[in-house]
Amino acid sequence: GQQVMQIPQYQHVQEGEDFTTYCNSSTTLSNIQWYKQRPGGHPVFLIQLVKSGEVKKQKRLTFQFGEAKKNSSLHITATQTTDVGTYFCAGMAGNKLVFGAGTILRVKS
Amino acid sequence: SAVISQKPSRDICQRGTSLTIQCQVDSQVTMMFWYRQQPGQSLTLIATANQGSEATYESGFVIDKFPISRPNLTFSTLTVSNMSPEDSSIYLCSVGQGNTIYFGEGSWLTVV
């Protein structure tokens, strides 16, 4: 079946440093979605990317969807302590959403 | 986005018992899903809850263990049957709007 691989599994950064998580799919995706889950919380929808090569920004967060629609990345510029949590990518193939393993981000102040 | 309410939010359950989780949405939605998130893990789709018909289960999940009801377009239940410690997880109701999935706050179950 379809697989969505996400790396790194874990990253610990100093406040102010940048952070990137990467997502790769074994198949072409119709769209990719990103979620953030705070410790003790539930996944919260961040954004959806649909078009090949699409780039979207939300303040310090930049999301990219690859040209082949098989990979994606989330980049956070100048991390803050409020960015801590687990970031999940999720790829839509057909009507099913398949989640990556998630990247745990810890920010040291 | 839809507002999704789940009950219970947390519970501690005895081994061998069953627990039913309720999911209420504030608007009619076609697509409702149940996910499981085991401790420290990602989200795994259990089944799609179909209104008026049997749920569609993913590989590794069966109706006898996870019976699901969907009596209308705003409500669904998931039962975790004959629980064991391995069932300790967060169970998340979610709805699809367009191509986006929104999650409820989850039901955190601990089986002892």
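This structure is a prediction, so every number in the text was calculated from the model and none was measured. The numbers attached to residues start from 1 for each chain and follow its sequence in the written order. Throughout, the order in which chains and ligands are written sets their labels, letters from A for the former and numbers from 1 for the latter. Given that this is a predicted model, residues contribute local features only at a pLDDT of at least 70 and side-chain atom pairs are listed and counted only at 80 or more, while totals for whole chains, interfaces and linings are drawn from all residues. Side-chain measures were taken over the full set of non-hydrogen atoms in the model, leaving aside hydrogen atoms and water.

A. How the structure looks around the overall build of chain A. Helix and strand labels come from DSSP, where a helix needs a run of H or I of at least four residues and a strand needs a run of E of at least two; each type is numbered from the N terminus. A tally of helices and strands in chain A yields 0 helices and 11 strands. Its helices and strands taken in sequence order, chain A reads β-β-β-β-β-β-β-β-β-β-β from the N to the C terminus. Note that the radius of gyration is over C-alpha atoms, with the globule rule given as 2.2 Å times the number of residues to the power 0.38. For 109 residues, the compact-globule estimate of 2.2 N^0.38 gives 13 Å, and chain A sits close to it at 13 Å. Along the first, second and third principal axes, the C-alpha set of chain A runs to 40 × 25 × 20 Å. Note on contacts: a residue pair qualifies if any of its non-hydrogen atoms lie within 4.5 Å across the two residues. Within chain A, contacts between residues at least 6 apart in sequence are counted, and of these 53% link residues at least 24 apart. In short, Shrake-Rupley with a 1.4 Å probe defines the accessible areas, and a residue's cover is counted only from the protein chains shown. Of the accessible surface of chain A, which amounts to about 5300 Å², a share of 51% is contributed by carbon and sulfur atoms. Charge assignment: positive for Lys and Arg, negative for Asp and Glu; neither His nor the chain ends contribute. Every charge is mapped to an atom, namely NZ of Lys, CZ of Arg, CG of Asp or CD of Glu. The centroid of the 12 positive side-chain charges in chain A is displaced by 9 Å from the centroid of its 6 negative side-chain charges.

B. Representation of the state of the cysteines in the model. All names here are of chain B. In plain terms, two cysteine sulfur atoms within 2.5 Å form what is called a disulfide here. Scanning the entire structure with this criterion turns up 2 disulfides over all chains. The side chain of Cys 23 participates in a disulfide bridge whose partner is Cys 93; the two sulfur atoms lie 1.9 Å from each other. Linking Cys 23 and Cys 93, the disulfide has an S-S dihedral of approximately -65 degrees and is accordingly described as left-handed. Of this pair, Cys 23 sits in strand β3 (residues 19–25) while Cys 93 sits in strand β9 (residues 89–97); the two residues are 70 residues apart in sequence, bridging distant segments of the chain. In terms of burial, Cys 23 and Cys 93 fall into one category: buried. Three exposure classes are used, based on accessible area relative to the maximum for each residue type with a 1.4 Å probe and protein chains only: buried under 20%, partly exposed in between, and exposed over 50%.

C. Local environment of the environment of Thr 30 of chain B. All names here are of chain B. Looking at where Thr 30 falls in the secondary structure, it is placed in the loop between β3 and β4 (31–37). Here the alpha-carbon distance between Thr 30 and Asn 50, two residues 20 residues apart in the chain, equals 8.1 Å. Residue contacts for Thr 30: discarding those within four places in its chain leaves Arg 70 and Leu 73.

D. Structural view of the environment of Pro 8 of chain A. Residues and elements named next belong to chain A. Within the element layout of this structure, Pro 8 appears in the loop between β1 (4–7) and β2 (10–14). Considering only alpha carbons, one finds Pro 8 and Leu 29, 21 residues apart in sequence, at a separation of 21 Å. Excluding residues within four positions of it along the chain, Pro 8 makes contact with Thr 20, Thr 21, Gly 102 and Thr 103.

E. Fine view of the sheet that holds strand β8 (residues 71–76) of chain A. All names here are of chain A. With respect to topology, 5 strands assemble into an open sheet ordered β1-β3-β8-β7-β6, the strand pairing being antiparallel. Both edges of this open sheet fall to β1 and β6 (55–58), since each of them pairs with a single strand only. Strand-to-strand twist across the sheet, computed as the mean angle between neighbouring axes with direction ignored, equals 15 degrees. By this definition, two strands are paired if DSSP reports at least two bridges between them. Relative to β8, strand β3 (residues 19–25) is paired through 6 bridges, and the arrangement is antiparallel. When the bridges of β8 are listed, Phe 19 appears paired with Ile 76. Each axis is a line fitted through C-alpha atoms, taken for helices only over the stretch in contact, and angles between the N-to-C directions span 0 to 180 degrees.

F. Quick look at the interface of chain A and chain B. The interface of chain A with chain B comprises 18 residues on the first partner and 18 residues on the second. Of all residues in chain A, His 42, Pro 43 and Phe 99 of chain A bury the most surface against chain B, accounting for 32% of the area lost on that side. Counted as salt bridges are all cases of a side-chain nitrogen of Lys or Arg within 4 Å of a carboxyl oxygen of Asp or Glu. Seen at the junction of chain A and chain B, the total is 0 salt bridges. Whenever a nitrogen or oxygen atom comes within 3.5 Å of another N or O atom, the pair is scored as a polar contact, on the condition that within protein one atom can donate a hydrogen and the other can accept it, and that pairs from neighbouring residues in sequence are kept only if both atoms are in side chains. Linking chain A with chain B are 5 residue pairs in polar contact (both at pLDDT 80 or more). Elements supplying a minimum of two residues to the side of chain A that touches chain B: β4 (31–37), β5 (44–49), β9 (85–93) and β10 (96–99) of chain A. Residue classes follow a fixed rule: Ala, Val, Leu, Ile, Met, Phe, Trp, Tyr, Cys and Pro count as nonpolar, while Asp, Glu, Lys and Arg count as charged, and any other residue, Gly among them, counts as polar. Here the residues of the side of chain A that touches chain B are counted per class, giving 8 nonpolar, 9 polar and 1 charged. Put simply, buried area is how much 1.4 Å-probe accessible surface two parts lose in total, over both of them, once they are put together.

Structural measurements only, silent on function.
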